[in-house]
Each structure stands twice: as structure tokens, then as C-alpha cells.
Number of protein chains: 2
Amino acid sequence: MNQKKSDISRTQILDAAAKLFRKHGYATTTLRLIANEANLKAGSIYYYFGSKEEILGEVLDIGIQRIIQAIQDGINQLPANATALDKIRVAIREHLHTLLKYGDYTSANIRIYKQIPSNVRQKHRALRRTYAEEWDQLLNDAQAQGEIRKEVDITLLRLFLLGAMNSAAEWYNPRRGKLEPLFEAVTEFFFDGIKSIPDKRQARDQLD
Amino acid sequence: MNQKKSDISRTQILDAAAKLFRKHGYATTTLRLIANEANLKAGSIYYYFGSKEEILGEVLDIGIQRIIQAIQDGINQLPANATALDKIRVAIREHLHTLLKYGDYTSANIRIYKQIPSNVRQKHRALRRTYAEEWDQLLNDAQAQGEIRKEVDITLLRLFLLGAMNSAAEWYNPRRGKLEPLFEAVTEFFFDGIKSIPDKRQARDQLD
DNA sequence: TTATTTTTCTAACTATTATTAGGTAGAATC
DNA sequence: GATTCTACCTAATAATAGTTAGAAAAATAA
């Protein structure tokens, strides 16, 4: 009844696949490479998965689910009087952390999503949508509270904010720098902007 | 002496490759698909290119060069009294435009860069570096002029700004929306931020 | 121990790939 | 008109991919 050995191998295959998908993309990652990384032979993979696409699907789902979980946990730890912007700060931090530190699944997801078979992408789309909606919720709340200017297009904000963060998966090198400055830079840029002096439009907004 | 026919076919191959690389990635784009899109047979491609990698290399280079050219042209058309931020605005606009409108080469470059054979990426890296340096120049100028707050880390700003813009290649649908709102959103977010009221830190900066 | 089930391996099969060798039709040149 | 060059094509090659079938080994149960 106890099938521990089996679970271990299955996890090793997924871990190996996530790592290699992230690094080399889906198409160029062969089952023989995955098997090798997981200390198996290629044929043995089919004891656990029906196809290469099935592995891909599971890696993708795990990638998003981990990040959703991390943000959920982070927000739950916030004090009761936390503002909407506080929650967004937590979400930014957890997103970056999950993406860049414990990142094979999440990073693989971000990196290869657009270059996978369309039937797999199709299936995975719902989960992505869910994640996007959680962000929209956070951002809309902040706007409703008056913490985000009311002219801001929330959808575009989400797309550019996530786009900026996800791009770090392309250039961030864990050995060359800590993650905290990235978090501070993102919040600084998006919350306050980079300009020295508020221009007329912003000044006007403040008079409302 | 006039080899117009040849040039046309060569260009068609490159156009087809850029289009397919952008859409399906490098590995999954076969020479037969490229040939078909360019109205040739696969073997004929070798009359023009020595290998698939050679096509890739040329597509990548063209992608960056077009964007560099567009920005250069845009800045040159600016009046003499344009500010450093004005130039950055132009650079943002041209970057988005080249990426999203005339985008097969540029978009292919952005999308597949991380999943190509490392020797090709190695060769192409210098051009990318050049482009990054042009941005750093623009941003540093603005900071030296006092138009960007002096605490801003210019390298991180470049990485996140380009990351945000490039992400649009993943989600922008030309049929569903105009490009101008994107441009406005990017400048709004990065220049002024999204917050309704400047927080203490920003207020402090303004007192310096 | 023996029997059964779970897990892994070996060795092949089929399809597809980039690449190459050699041919061909027409245009250009002599 | 004969020759050479240009721009392709056809057909084959060798390598590699995902996948499968069946045997071997390891673990578990009897």
C-alpha cells in the first residue's frame, strides 16, 4: 500500500523536467536528458507519465500553483490593519521570490509558455487566468481604496508589472546579487515613478 | 550582375524564418516549414545559407538593428530643445512600435533568445550589449540633468523598463487594441508611478 | 521460501530532422 | 548556337526523437 519509492521517482522526473525546460526550452529537452537527470532510463518515464506533453502539463500547473500559494500565505501573515498597497507589496515580493529563488517550475512556466504545443497551453490557460484575476483583485481593491490613482488602467498595470517582474527570470543571476534590491526597485518604480518632480498631471490629481 | 531574383528569395527565407521563429520558437521551426512559407523546397535554402543556425543569427541581428535604427531616427527628429526625458519617451515609443507593429524580427529576437544554441547567442550578445548601452546612456543623461531621481538604479531601471515593454510581445494583440494606450501606460507607470499620494520618501526627496 | 506486484531496463520501431549530392531548366554570356 | 551560371529541385543520408514491448530486477506479500 505504501508506494514511497514510486513517489520519489515521479517527483525526480518532474524536478528534472522543470529544471531542463527552464534552461533549454521544451522542444530541445529530450526524454533521455530528463531521465538522465532523474537517474533513470528514458523508457522508465512511461511508467509514470503517458507522454512528454503530460509531464509538461504538470510542470506548468505546479509552477503557477506554487506562486499562488506563496502569495496567499504571505498575505495571510499580514496584520489586520494592512492596506491594499501592503498586500500588493507582499504579492510582489512573493512573486519575485518564487520566480527567482525556488524557481524551476515557476520559471519554466514563464519562460516556455509561448513555445509549447497549443493543446497543452490551452489546458493550462485557465490556471493562468485565475492567477491574473487574483492580481486584478488586489489592484482593484487598492484603487477602490484610493491608494492607486483612479485613471490607472488596472489591466495594463497588471500586464506591465508582471511583465517587468517576469523579465527578471531572463537576467537575474542569484550568484551576482541579492533579491531584495530587485523588490525595492520594482515597488519604487511602479509606486512612485522615477521622475524627480511631479509633473502637472500628477499635481492636478492631488487636488481632486 | 543584377541578382534581384536571388535577393528576393533570400529575403523571403529570412522573413519566413523570423515569422515562424517568433510564433513557434527555434527548435520546432523546421527548414521545411520555412521553405514552404518562402515558396521553396527545404534543400534550396542551402543555396543561400550554410545552416539553420546561420539563418537564426541573421534574424537575431536584424531584429536588434531595426530597433536601434528606429530609435535613432526618432531622436534625430526631435527639436533641439528636447529634454532627456523627451528622448526617453521617443525611445519607449519606437521600441514598442518596432516590437509590436513591424515585429517579426524584433519579436522573434525577444522571444527566442534564451532558447537558442549557446554559440549563436554568444555571437549575438555584443549587439544586445550595444543596445543596452544606448538605453543606459539615455537614462544616465536624464539622471545627470536631474530629471530622474538620483537614487534610481539605472541598470535596474533599464532591465525592468525593457522587461515590461518586451512582455507586451507575449500578450499584445494588434487586432484588439491600439498601441498608443500602451505607450501612455508605460510612461505613466514608470515616470509618475501609480500611487495617489506621494509617500514620505518621495516628499523627502523633493526637499533636497 | 515462494509468489506476486512494483519498478526499472534493454532494445527496438517509426517518424522526423538538418544536411548533402547530384541533377535540371532557364537565363546570361560568349 | 554553345557554354556557363543562377536558382532551384529531388532523393538520399545519418542522427535523433518520442514511444513501445517485453524482460529483468527489486520490493512486498504469502
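Cut-offs used in this document
Residues numbered from 1 in each chain as written. Chains lettered and ligands numbered in written order. Predicted model: local features only at pLDDT ≥ 70, side-chain atom pairs only at ≥ 80, totals over all residues. Heavy atoms only, no water. Helix = DSSP H or I, 4+ residues; strand = E, 2+ residues; numbered from the N terminus. Contact = heavy atoms within 4.5 Å. Buried area = accessible area lost by both parts, 1.4 Å probe. Salt bridge = Lys/Arg side-chain N within 4 Å of Asp/Glu carboxyl O. Polar contact = N/O pair within 3.5 Å; in protein donor to acceptor, adjacent residues only side chain to side chain. Buried < 20%, exposed > 50% of the residue type's maximum accessible area, 1.4 Å probe, protein only. Lys, Arg positive; Asp, Glu negative; His and termini not counted. Axes fitted to C-alpha atoms, helices over the stretch in contact; angles between N-to-C directions. Parallel < 35°, antiparallel > 145°, perpendicular 65-115°, else oblique. Left-handed = near helix turned anticlockwise from the far one by under 90°. Nonpolar A, V, L, I, M, F, W, Y, C, P; charged D, E, K, R; others polar. Near = heavy atom within 4 Å. Least-squares fit on C-alpha atoms with pLDDT ≥ 70 in both. Phe/Tyr/Trp six-rings, centres within 6.5 Å; stacked < 30°, edge-to-face > 60°. Expected span 1.5 Å × (residues − 1).

Peer 1: For this particular structure, what's the right way to read unusual backbone geometry?
Peer 2: Note: most residues except glycine have negative phi, and most peptide bonds are trans. The phi dihedral of Asn39 of chain A falls on the positive side, at around 60°, and the residue is not glycine. With respect to the element layout, Asn39 of chain A can be found in the loop between helix 2 (31-37) and helix 3 (52-76).

Peer 1: Help me out: how do you make sense of the interface of chain B and chain A in this one?
Peer 2: Think of interface size as the accessible area that goes away when the parts come together; that is how it is often given. Contact residues are listed per partner, giving 45 residues for chain B and 45 residues for chain A. Taken together, the two surfaces of chain B and chain A that pack against each other cover about 4400 Å², and 59% of this comes from carbon and sulfur. Sorting the residues of chain B by area buried against chain A places Gln115, Phe160 and Ile194 of chain B first, and these three jointly supply 18% of that buried surface. At the boundary of chain B and chain A, one finds four salt bridges. The closest approach of N and O atoms between Glu188 of chain B and Arg149 of chain A, which form a salt bridge, is 3.3 Å. In this structure, the connection of chain B to chain A is made through 23 residue pairs in polar contact (both at pLDDT 80 or more).

Peer 1: Teacher, can you tell me more about the side chain of Arg121 of chain A here?
Peer 2: Checked against the element boundaries, Arg121 of chain A lands in helix 6 (residues 118-144). Buried and unpaired, Arg121 of chain A has Glu170 of chain B as its nearest opposite-charge partner, separated by 8.8 Å. Beyond its immediate chain neighbours, meaning those up to four positions away, Arg121 of chain A contacts Tyr113, Lys114, Gln115 and Ile116 of chain A.

Peer 1: Hey, could you run me through the packing of helix 4 (residues 84-100) of chain B against helix 8 (residues 180-192) of chain B in this one?
Peer 2: Helix-helix packing: each pair is described by the crossing angle between the helix axes and the interaxial distance. Residue and element names in this part refer to chain B. Two numbers describe how helix 4 lies on helix 8: the axes approach to 10 Å, and their chain directions differ by 140°. Our classification of the angle between helix 4 and helix 8 gives oblique. In terms of crossing hand, the pair formed by helix 4 and helix 8 is right-handed. On helix 8, the residues touching Leu85, Ile88, Arg89, Ile92, Arg93, Leu96 and Leu100 of helix 4 are Glu180, Leu182, Phe183, Val186, Thr187 and Phe191. Among the residues making up the contact of helix 4 with helix 8, the classes are represented as nine nonpolar, one polar and three charged.

Peer 1: In this structure, what is going on with the protein's contact with DNA strand C? I would like to understand it.
Peer 2: Surveying the vicinity of DNA strand C reveals 19 residues, the closest of which are Ser6, Lys41, Tyr47 and Tyr48 of chain A together with Tyr46 of chain B. For DNA strand C, the fraction of protein-proximal atoms (within 4 Å) that sit in sugar or phosphate groups is 67%. Between DNA strand C and Ser9 of chain A, the relevant distance is 2.8 Å, taken from a phosphate oxygen to a side-chain nitrogen or oxygen of the residue. Arg32 of chain B is positioned such that a nitrogen or oxygen atom in its side chain is 3.3 Å from a base nitrogen of DNA strand C. In terms of residue count, the dominant contributor to the surface near DNA strand C is helix 1 (residues 4-24) of chain A (three residues). When grouped by side-chain class, the residues that make up the surface near DNA strand C number six nonpolar, eight polar and five charged.

Peer 1: Looking at this model, I keep getting lost on the pattern of salt bridges. Mind explaining?
Peer 2: Where charged atoms from two side chains of opposite charge come close, those side chains can pair. On inspection of all chains with the given rule, the structure shows 24 salt bridges over all chains. Arg89 of chain B serves as the salt-bridge partner of Asp86 of chain B, at 3.7 Å between the closest nitrogen and oxygen. With Asp86 of chain B and Arg89 of chain B both in helix 4, this residue pair falls three residues apart, about one helical turn. Overall, Asp86 of chain B belongs to the partly exposed group, its relative accessible area being 26%. A residue is classified by how much of its surface remains accessible, and Arg89 of chain B, at 30% relative accessible area, is partly exposed. Residues Glu151 of chain B and Lys150 of chain B are paired through a salt bridge, measuring 3.7 Å at the closest nitrogen-oxygen approach. Take Glu151 of chain B: its relative accessible area is 38%, and that puts it in the partly exposed class. Salt bridges sharing common partners tie together Arg149, Lys150 and Glu151 of chain A together with Glu188 of chain B.

Peer 1: Is there a simple way to explain the relation of the copies chain B and chain A in this structure?
Peer 2: Between the two chain copies there is a screw-like relation: a rotation about an axis and a shift along it. If you rotate chain B by 180° and push it 0.0 Å along the axis, it lands on chain A with an RMSD of 0.0 Å. Given the turn and translation reported, the copies of this chain are related as if by a two-fold rotation axis. The share of interface residues of chain B whose copies in chain A are also at the interface is 98%, consistent with both copies meeting through the same surface.

Peer 1: Just to check I follow, could you spell out the protein's contact with DNA strand D for this structure?
Peer 2: Around DNA strand D there are 16 residues in total, and Tyr46 of chain A together with Ser9, Lys41, Ser44 and Tyr48 of chain B lie nearest to it. Sugar and phosphate atoms constitute 71% of the interface atoms of DNA strand D, taking the interface as everything within 4 Å of the protein. Between DNA strand D and Lys41 of chain B, the relevant distance is 2.7 Å, taken from a phosphate oxygen to a main-chain nitrogen or oxygen of the residue. Tyr48 of chain B has a polar side-chain atom sitting 2.4 Å from a phosphate oxygen of DNA strand D. At the level of secondary structure, the elements contributing two or more residues to the surface near DNA strand D comprise helix 2 of chain A together with helix 1 (4-24) of chain B. Looking at the surface near DNA strand D element by element, the count peaks at three residues for helix 1 of chain B.

Peer 1: Please clarify how the packing of aromatic side chains should be interpreted in this entry.
Peer 2: Working definition: an aromatic ring pair is given by the centre-to-centre distance plus the angle between the planes. Applying the stated rule across the entire model yields eleven aromatic pairs over all chains. On the numbers, 5.3 Å between centres and 75° between planes, the contact of Trp171 of chain A with Phe160 of chain B is edge-to-face. With one member in each of two chains, Trp171 of chain A in helix 7 (residues 154-171) and Phe160 of chain B in helix 7 (residues 154-171) form a pair that bridges those chains. Its relative accessible area of 22% is what places Trp171 of chain A among the partly exposed residues. Look at Phe21 of chain B and Tyr26 of chain B: their rings are 5.4 Å apart centre to centre, the planes differ by 65°, and that puts the pair in the edge-to-face class. By relative accessible area, which is 0% here, Phe21 of chain B ends up buried.

Peer 1: Quick question: what am I supposed to make of helix 4 (residues 84-100) of chain A here?
Peer 2: Since there are 3.6 residues in each turn of an α-helix, residues three or four apart along the chain are aligned in direction. Spanning 17 residues, helix 4 of chain A covers 24 Å between terminal C-alpha atoms, matching the ideal 24 Å at 1.5 Å per step. All of the buried residues along helix 4 of chain A are Ala84, Leu85, Ile88, Val90, Ala91, Ile92, His95, Leu96, Thr98, Leu99 and Leu100 of chain A.

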